[in-house]
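# Coordinates in review
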Amino acid sequence: MSDGAWSVRAGGIVLSIVLLGGCASGAASSASPPLVWPKPPDPPRIELVGQLATSADAGEKSSLFGRLFRRIIGKAPIPLVRPSAVFSDGRGRILVTDTGQQVVHVFDLNKKDYHQIFHLIGTARLIAPVGVAADDRGRIYVSDSTLNDIFLFDANGRLLGRIGQPGDYTRVAGIAVGPDGRLYAADVGGHKIVVYGPDGGKVMTIGKRGGGPGEFNFPSQVAVDRNGTIYVTDSLNFRIQLFDRQGKFLRMFGRLGTTIGTFSKPKGVAVDTEGDIYVVDGLYDVVQIFDQQGQLLLHVGGGGSVAGRFWLPTGIAIDQHNRIYVADTYNQRVQIFQLLSVSAEQ
């Protein structure tokens, strides 16, 4: 979609229908018109395809009697309370941090399985998990802003260790794993991005406090595209900054404003496979989509609690099939969208 061209990717849509078949609470009825953006007569580019709101949305099948029995014995579906960050591996596993439940919800739509990650050592547990990512080995990284630590778990949720040393970050926030296995952590309190290698060793830091190019004022979220370009939500400078793999500043866009196309409370950032940039704004209750030059292409959502609307959304993730996951925090759900296929000529 770079330079405004939205290309054909039909395969991802087929896969999303298969994976989201169990998300009965979020998928629209086949008799209902799909929720798409922009609205007709413009060609649709984004479609709402599902949501995750409780553990039942993993797709586990049970009879009516079974559901009633689970409720009677106190095993009703577990709800999302304050989802804040989300990650998808593109193979059916979706990770959601929940600061209300103090857990990471793990939905495996292929296996129709649900479990949680929360246990650390002894009686210690997560307190404020705000960031989540996974590498190509299936290992899971979780940042906790209250514990001010980044924890590494194996694919089954067993704690392997911590990332970083005391003093590496002042208050950790969002995290991302790059295509080379590097881990990028937003140090919101230290006004920098800390970068770790696949072995957990510190590689470099990017930025310092300020308002100039390459400087930050409370950076909160970070994303890395498949080419290794780094995208940072520079929250109180009200902009997105881009860096290359070596941490060299490339460009930035955005400013404080009161209209779509500007930022008021920028939160999560993500990039689709065409390089277009998605930014959650928690005050406007929208996801704004920009090209690589920072030109607004489209916005999705708006305030409200019905399907396709948001209430103080926070996190966003996009997988390799261009499925878009938005942590709709105060609506207590993750809404799932699909980038649709339209030709550049339309």
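Everything numeric here is computed off the predicted structure, so don't read it as measured data.

What follows concerns the overall build of the chain. Tallying secondary structure elements over the chain gives 2 helices and 25 strands in all. Scored against the burial criterion, the 346 residues of the chain give a buried share of 56%. For the chain, contacts bridging at least 24 residues in sequence account for 47% of all contacts bridging at least 6. With an accessible surface of roughly 14,800 Å², the chain has 54% of that area assigned to carbon and sulfur atoms.

Sheet architecture is open: 4 strands sit in the order β19-β20-β21-β22, paired in antiparallel fashion. Where the open sheet ends on each side, the last strands, each with one partner, are β19 (266-271) and β22 (296-301). Pairs of neighbouring strands in the sheet enclose a mean axial angle of 20°, with direction left out of account. Strand direction decides the pairing type here: strand β20 (residues 277-281) and strand β21 (residues 286-290), joined by 5 bridges, are antiparallel. Counted as the bridge partner of I277 is F290 from β21.

Once that is clear, we can look at the environment of G275. Structurally, G275 is set in the loop between β19 and β20. Residues G275 and R226, spaced 49 residues apart in sequence, show a C-alpha to C-alpha distance of 9.0 Å.

Applying the stated criterion across every chain, the model contains 9 aromatic pairs. Taking 6.5 Å as the distance between ring centres and 45° as the angle between the ring planes, the aromatic pair formed by F253 and F263 counts as tilted. One end of the pair, F253, is in strand β18 (residues 249-253); the other, F263, is in the loop between β18 and β19, and 10 residues separate them in sequence. For the pair shown, F253 and F263 are each scored as buried. With a centroid separation of 5.6 Å and an interplanar angle of 50°, the aromatic rings of W311 and Y330 are classed as tilted. Placement of W311 in the loop between β22 and β23 (316-318) and of Y330 in the loop between β24 (323-328) and β25 (333-339) is noted, with a sequence separation of 19 residues between them. Three or more aromatic residues joined by ring pairs form one cluster here, namely W37, F310 and F337. A cation over a ring is seen here: K39 above W37, with NZ or CZ 4.8 Å from the ring centre.

Spatially, 4 strands are ordered β15-β16-β17-β18 in an open sheet, and the strand pairing comes out antiparallel. Edge positions in the sheet fall to β15 (219-224) and β18, since each has one partner strand and no second. The mean inter-strand angle of the sheet, taken between neighbouring strand axes irrespective of direction, is 20°. When strand β17 (residues 239-243) meets β18, the two strands line up antiparallel, connected through 4 bridges. The residue of β18 that forms the bridge with L242 is R251.

In this structure the tally under the stated criterion is 12 salt bridges. Across the salt bridge formed by R93 and D89, the nearest N and O atoms sit 3.7 Å from each other. Comparing R93 with D89, the two get one shared label, buried. Residues K192 and D187 are paired through a salt bridge, measuring 2.5 Å at the closest nitrogen-oxygen approach.

To continue, consider the side chain of T233. Locating T233 in the fold gives a position in strand β16 (residues 230-234). Reaching out from T233, the side chain makes a polar contact with the backbone oxygen of K267 at a distance of 2.7 Å.

This next bit is on the nonpolar core. Counting 18 residues, the largest nonpolar core has I46, Y278, I316, I324 and F337 as the members making the most contacts within it. Contributions of two or more residues to this core are made by β2 (46-52), β20, β21, β22, β23, β24 and β25. In terms of residue count, β22 provides more of this core than any other element does, 3 residues in total. The residues touching I46, leaving out its near neighbours within four places in the chain, are L35, V36, W37, Y278, I289, L298, V300, I324, F337, Q338, L339 and L340. V104, L126, A134 and L159 belong to the second largest nonpolar core, which has 15 residues in total.

Our focus in this paragraph is the confidence of the model for the chain. Of the residues in the chain, 85% reach a pLDDT of 70 or more, and the chain-wide mean stands at 89. Long-range and interchain partners of residues 2-29, a stretch whose pLDDT sits below 50, account for 64 contacts in this model, where long-range means more than four residues apart.

What counts as what
- Residues numbered from 1 in each chain as written.
- Predicted model: local features only at pLDDT ≥ 70, side-chain atom pairs only at ≥ 80, totals over all residues.
- Heavy atoms only, no water.
- Helix = DSSP H or I, 4+ residues; strand = E, 2+ residues; numbered from the N terminus.
- Buried < 20%, exposed > 50% of the residue type's maximum accessible area, 1.4 Å probe, protein only.
- Contact = heavy atoms within 4.5 Å.
- Areas by Shrake-Rupley, 256 points an atom, 1.4 Å probe, with all protein chains shown as cover.
- Pairing = 2+ DSSP bridges.
- Axes fitted to C-alpha atoms, helices over the stretch in contact; angles between N-to-C directions.
- Phe/Tyr/Trp six-rings, centres within 6.5 Å; stacked < 30°, edge-to-face > 60°.
- Lys NZ or Arg CZ within 6 Å of the ring centre and 35° of its normal.
- Salt bridge = Lys/Arg side-chain N within 4 Å of Asp/Glu carboxyl O.
- Polar contact = N/O pair within 3.5 Å; in protein donor to acceptor, adjacent residues only side chain to side chain.
- Core = buried A, V, L, I, M, F, W, Y, C linked by side-chain atoms within 4.5 Å.
- pLDDT = per-residue confidence, 0-100.

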